[in-house]
Structures are given as structure tokens and as C-alpha cells.
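Residues per chain, in single letters:
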Amino acid sequence: MQGANFLKEHNAKHLWHPMAHPAESVANPPKIVCKGEGVYITDIDGQKRIDAVGGLWNVNLGYSCQPVKDAIAAQLETLPYYAMFRGTSTDAAIELSVKLRDFFAPDGLTRAFFTSGGSDSVEICLRLARQYHKIRGQGDRVKYLSLKKGYHGTHTGGAAVNGNSNFRRNYEPMLPGVSHIPAPYTYRNPFNETDPARLAQCCLAAMEDEIQFQGADTIAAFIMEPVLGAGGVIPPHESFVQGARALCDKYGILMITDEVITAFGRTGSWTGSRHFGIKPDLMATAKAITNGYFPFGAAMISEKVADAFESDKSALSVVFSGYTYSGHPTGAAAAIACLDETLRLNVADNAAARGAQLHDGLQAIAERHAIVGDCRGGHGLMNCLELVSDPENKTPLEKAKVAAVHEAVYEAGVMVRVSGNNMIMSQPLVISESETNDVLNAIDSGLAAGT
Ligand SMILES: Cc1ncc(COP(=O)(O)O)c(C=O)c1O
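Conventions we followed
Residues numbered from 1 in each chain as written. Predicted model: local features only at pLDDT ≥ 70, side-chain atom pairs only at ≥ 80, totals over all residues. Helix = DSSP H or I, 4+ residues; strand = E, 2+ residues; numbered from the N terminus. Rg over C-alpha atoms; globule rule 2.2 N^0.38 Å. Buried ≥ 20, exposed ≤ 12 C-beta atoms within 10 Å, placed from the backbone. Contact = placed C-beta atoms within 7 Å. Near = placed C-beta within 6 Å. Nonpolar A, V, L, I, M, F, W, Y, C, P; charged D, E, K, R; others polar. Axes fitted to C-alpha atoms, helices over the stretch in contact; angles between N-to-C directions. Parallel < 35°, antiparallel > 145°, perpendicular 65-115°, else oblique. Left-handed = near helix turned anticlockwise from the far one by under 90°. Expected span 1.5 Å × (residues − 1). Core = buried A, V, L, I, M, F, W, Y, C linked by C-beta atoms within 7 Å. Domains from an automatic or database assignment. Pairing = 2+ DSSP bridges.

1. Concerning the overall build of the protein
Broken down by element type, the protein carries 15 helices and 16 strands. The C-alpha radius of gyration of the protein comes to 22 Å, within 12% of the 22 Å expected for a compact globule of 451 residues. Dimensions of the protein, computed from C-alpha atoms along their principal axes, come out at roughly 60 × 60 × 40 Å. Residues classed as buried in the protein amount to 47% of the 451 residues present. Partitioning the intrachain contacts of the protein with sequence separation of at least 6 by distance along the chain shows that 73% fall at a separation of at least 24.

2. Structural notes on the site of the ligand
Taken together, 14 residues form the shell around the ligand, and within it Gly117, Gly118, Ser119, Gly153 and Val260 come nearest. In terms of residue count, helix α6 (residues 118-135) provides more of the shell around the ligand than any other element does, 3 residues in total. Residue composition of the shell around the ligand, grouped by class: 6 nonpolar, 6 polar and 2 charged.

3. Some details on the packing of helix α4 (residues 66-78) against helix α12 (residues 329-344)
For any two helices packed against each other, the geometry comes down to the angle between their axes and how far apart the axes lie. Where α4 contacts α12, the axes come no closer than 8 Å and their chain directions differ by 155°. Classed by the angle they form, the pair α4 and α12 counts as roughly antiparallel. The two elements α4 and α12 cross, and the hand of that crossing is right-handed. Of the residues in α12, those touching α4 at Pro67, Val68, Ala71, Ile72, Ala74, Gln75 and Leu76 are Pro329, Thr330, Ala333, Ala334, Ile336, Ala337, Cys338, Asp340 and Glu341. In terms of residue class, the contact of α4 with α12 is made up of 12 nonpolar, 2 polar and 2 charged.

4. Considering the environment of serine 25
Here serine 25 is to be found in helix α2 (residues 22-27). In this structure, the C-alpha to C-alpha distance between serine 25 and leucine 15, residues 10 residues apart in sequence, is 9.6 Å.

5. Focus: helix α9 (residues 238-251)
Residue pairs three or four apart in sequence face the same way in an α-helix, which turns once every 3.6 residues. Between its terminal C-alpha atoms α9 stretches 20 Å, which fits the 20 Å expected from 14 residues at 1.5 Å a residue. Downstream of α9 by a residue or two, glycine 252 has a phi angle that is positive, lying close to 70°.

6. Quick word on the nonpolar core
Residues Leu282 and Ala334 are the most contacted members of the largest nonpolar core, which totals 121 residues. Among the elements that take part in this core, α12 stands out by supplying 8 residues, more than any other. Each of domain 1 (31-61 + 346-450) and domain 2 (68-344) accounts for three or more of the residues forming this core. Setting aside its immediate chain neighbours within four residues, alanine 334 contacts Val68, Ala71, Ile72, Thr290, Tyr293, Phe294 and Phe296.

7. Let's talk about the pairing of strand β12 (residues 383-390)
Taken across its 8 residues, β12 has 6 buried, putting it largely inside the fold. As consecutive antiparallel partners, strand β11 (residues 372-376) and β12 are separated by 6 residues, and within that stretch glycine 378 has a phi angle of approximately 85°, a positive value. As judged from the 2 bridges shared by β12 and strand β13 (residues 395-396), these two strands associate in the antiparallel manner. Across the sheet, residue aspartate 390 finds its bridge partner in β13, namely threonine 395. Linking β12 to β13, which pair antiparallel, is a turn of 4 residues; within it lysine 394 sits at a positive phi near 55°.

8. Notes on unusual backbone geometry
Cis peptide bonds are those with omega within 30 degrees of zero, and the linkage from glutamate 172 to proline 173 qualifies with 5°. Despite not being glycine, asparagine 192 shows a phi value in the positive range, around 55°. You can see asparagine 192 is positioned in the loop between β6 (178-181) and α8 (196-214). In this structure, valine 233 takes a positive phi of about 50° despite not being glycine. Among the structural elements, valine 233 can be located in the loop between β7 (219-224) and α9. Overall, the presence of 26 C-beta atoms within 10 Å leaves valine 233 in the buried class.

9. Points about the sheet that holds β6
Strand pairing in a sheet relies on backbone hydrogen bonds. The paired strands run either parallel or antiparallel. As summarised here, the arrangement of the 7 strands in space is β4-β10-β9-β8-β7-β5-β6, forming an open sheet in which the pairing is mixed. Edge strands, defined here as strands with exactly one partner in the open sheet, are β4 (109-115) and β6. Sheet twist, expressed as the average angle between the axes of neighbouring strands with direction ignored, equals 20°. Pairing of β4 with strand β10 (residues 297-302) involves 6 bridges; the strand directions are antiparallel. Across the sheet, residue leucine 109 finds its bridge partner in β10, namely serine 302. Where helix α5 (residues 91-104) meets the sheet, its contacts fall on β4 and β10, and the angle it forms with β4 comes to roughly 135°. Lying over the sheet, α8 contacts β5 (143-147), β6 and β7, oriented at roughly 160° with respect to β6.

10. A word on the environment of isoleucine 253
As for its placement among the helices and strands, isoleucine 253 is situated in the loop between α9 and β8 (254-258). When neighbours within four sequence positions are excluded, isoleucine 253 is seen to be in contact with Ala216, Ile219, Ala221, Phe222 and Cys248.

11. Re the domain arrangement of the protein
Accessible area lost when the parts come together is the quantity often used to give the size of an interface. Domain boundaries assigned for the protein yield domain 1 (31-61 + 346-450) and domain 2 (68-344). Placing a centre on the C-alpha atoms of domain 1 and another on those of domain 2 gives a separation of 26 Å. Across the contact, 29 residues belong to domain 1 and 26 residues belong to domain 2. Taken together, the elements giving at least two residues each to the side of domain 1 that touches domain 2 come down to α3 (54-57), α13 (347-368), β11, β12 and β16 (422-425).

Below you can see the structure in the form of C-alpha cells.
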């Protein structure tokens with residue numbers, strides 16, 4: 001690898017970064033991360049920091065997970081790649097499908113369709129939902145419902161169901177036939193309602209109203225993240241998730257849970273669906289399926305949906321979707337080892353315990369800093385501080401001040417993620433109690449930079 005001077009000189013000059021302005025990246029070059037160990041990353045200047053972003057919500061087992069590294073190396077030796085298109089399979093993909101069937105059995109999901117990441121998994125779920133209705137003779141069901149503030153990746157379908165205008169505006173017009181329901185976001189909502197249970201009922205009423213307005217028999221699926229992640233960690237009241245499931249059942253709409261973040265333990269439960277006591281018809285997963293060490297994902301399919309496809313012998317049931325890297329054997333081998341480690345370490349329990357510690361600590365910090373308008377979490381290792389300049393009017397903190405807080409927290413020893421005026425935390429699920437205290441202390445001292 002080239003030396004530090006070379007890397008700094010060329011940083012962001014010949015590559016465009018996702019979710020960033022190319023010119024701004026040149027003006028304010030991104031941090032160059034060179035090493036990862038445990039829950040720590042080390043940058044090009046040798047500064048070691050706790051990675052409270054967990055890669056990008058995906059490095060659940062930290063950076064030193066040897067079994068996953070070994071599995072990747074061994075698979076590269078044996079069979080580095082083979083295709084999964086009709087007619088061939090691989091041992092790793094088959095073994096993984098059995099493991100996933102067992103893991104997701106409590107969610108009622110028994111078939112996997114492999115992808116290269118989260119956006120792919122979302123896209124496959126959206127496509128399969130339409131196809132399911134076509135197979136069943138309800139080809140008019142082509143529309144989708146989703147939540148404002150939701151994030152579902154950046155493919156064309158996923159961007160259309162996204163609920164944040166930043167990810168939509170520059171690419172409009174979006175896919176037609178998508179309606180967005182108000183999110184159960186207590187800090188800001190059109191109902192001026194701060195009580196989570198009452199807000200859940202308002203949002204459900206809006207959802208039912210939209211279903212009736214669109215015509216239930218035109219809607220294929222409703223998609224939601226069990227806890228909204230990139231939109232600023234918005235946990236719904238459980239009655240919202242259960243109520244949405246009930247509305248989907250009432251109107252024959254498929255429910256897709258986008259668990260690209262929440263599958264594999266992050267909420268303190270093994271899946272977000274289980275966390276809220278529902279069973280989805282389809283589930284999008286990716287990220288922690290390989291601990292972020294290999295790009296991979298799985299769209300999981302319920303018995304109900306599988307039955308429709310498998311019992312229909314017509315061409316309508318052919319899955320004309322897939323990727324060169326669907327079921328990539330190296331990714332599948334990584335996922336097998338990752339799932340074994342995830343279960344052996346019982347990371348869901350640690351996510352619950354460390355998540356509670358972090359949330360309690362953040363609430364105390366929020367009391368001390370006027371720039372914290374809202375403190376959200378309470379569901380495992382998904383937490384967020386929403387920063388404001390004027391708590392009374394909830395005015396979002398200016399970009400420059402948010403950047404100053406971000407840098408000050410980094411200087412204090414911790415990498416967090418900022419998105420708009422949200423400071424988001426999604427630590428590896430193996431983080432310890434003392435490392436969690438270090439995260440809290442760095443945030444406490446860093447927030448002073450925003451005032
Ligand atoms: C809930 C959710 N869905 C989909 C995606 C897209 O996944 P990917 O970036 O792997 O394409 C993300 C990524 O953060 C996500 O958080």
C-alpha cells in the first residue's frame with residue numbers, strides 16, 4: 001500500500017463518495033481509516049478510536065472476527081466464485097440456506113433469495129411482492145406503501161419507497177404508485193402528538209385512510225424498518241408495528257420488514273419483527289449477515305409467499321430477478337461463519353444490555369446539553385441524539401456546528417455518525433461495558449463544541 005502522503009494527496013480526488021458532494025469531499029477530505037481491531041479503528045495518523053458507527057450498522061462482531069476471516073480465506077482457496085443462475089448451485093449457498101431457515105423460523109420465513117447487499121434485498125422484496133399478486137390473479141396490486149423518514153437503499157424501487165427527500169429529489173421522478181404514511185416520530189409529526197401509543201393510532205388511521213383512498217386492491221406491499229435507522233433512529237410504539245400488520249392482513253397487502261439493520265440482533269432481539277411480535281411476509285436483510293466483511297444479503301420469504309410461487313407451475317412464477325453475485329460462495333461461507341459466531345456469542349443479549357446502558361447515559365447527557373432536542377433509542381444498539389439550536393422551536397443545529405460536534409467527539413476518542421442534525425450510534429454488538437462508558441464520555445465532552 002502507498003504511504004500516507006500519497007494517500008492524503010489523492011484522497012477523494014479520483015473517486016466519488018456515496019452520499020457526499022464530490023467538491024465538498026475534496027475541500028474537506030474524508031478521514032482515512034487504515035486498521036480495525038475489536039471495536040476500534042485506527043486512522044492514517046495513527047489515532048485509535050472506538051467505532052460507534054459499527055462500520056455502517058454492519059460490523060456487529062467487531063473487526064477481529066477470526067472465524068469469518070478464516071471462512072473467507074478457505075472459500076477463496078476452494079471455490080472463489082460460481083454462479084447461481086438456473087442450473088448450478090454451490091455447497092456454501094445450500095448450507096447457508098438451511099442455517100437461515102432455522103434462524104428465521106420464528107419469523108415464519110423459510111426461503112432465502114441471495115443478493116449483494118441491502119438495496120438489492122429491498123428491490124427483490126418489492127419485486128416478489130408484485131409477482132406474488134400477479135400469480136394469484138391480482139395483477140392490479142402494483143402500488144407500495146411506506147413510511148416518511150424510512151430508508152430503503154438507493155435502487156430505483158428502494159429510493160421510491162424512501163421517506164427522506166434528500167435521497168429522492170435529485171433523482172425524481174420516482175417510481176409511480178408509492179404513498180408515504182407519517183412516521184411514528186414523537187418529536188416531530190403532523191398530529192402534534194408526543195405520546196407514542198396515541199401517535200401510533202394517528203399514524204395507523206392515516207395508513208388505513210390512504211389504503212382506502214388508493215383502493216386496497218391496487219396495493220402490493222407495505223414496507224417499513226422495525227426501528228427506522230438512517231432516518232434518525234425512530235422506534236415506533238409496538239402497537240404501530242402490530243397495527244400495521246393487522247391492516248396489511250385486513251386488506252390483503254404484503255408486509256415487508258426492511259431488516260437490513262435490525263436482523264441478527266441489533267435491537268436486542270434476533271430480528272426487529274420478533275422484537276415487536278409480528279411475522280412479516282417478506283424480509284430484507286444484508287449488512288451484519290457477513291459482519292460487513294463481504295457484500296452479501298438475503299431476501300427472506302414466508303411460507304405463504306413461497307406456497308404461491310411453488311404451487312403455480314406457470315411462467316408467472318419464474319423469478320426473473322437476480323445478480324451475478326447472488327449466493328456468491330465466498331459471501332455465503334462468510335455468512336455461515338458469521339451466523340455461527342453471532343449465535344455463539346449471543347450478541348442480541350449484549351446489544352440489549354449495552355443498549356440500555358447507552359440509552360440511560362445518553363438521556364442523562366441530554367439533560368446537561370441544551371443542544372440535544374431529542375434522545376432516541378431504548379431498543380438495543382440503535383441510538384440517536386437530535387441536535388437543535390433552539391429547543392423551543394426545535395430548529396435543527398446548523399451544519400457547521402454539527403460538524404464541530406462530530407470532530408470534537410472524534411478528538412475525544414469516538415467515531416459517531418452525523419446525518420443532518422442527527423448524531424447516530426450503532427456500535428458493534430460485542431462492545432463492552434467500559435467501552436460503552438468511553439463512548440458516553442466522549443459524546444458528553446464533544447457536545448460542548450456545538451454551543
Ligand atoms: C434499512 C436499510 N435498508 C436498505 C439499506 C441499503 O443497504 P445497502 O447500502 O447495503 O445497499 C440500508 C443501508 O443502510 C438500510 O439501512
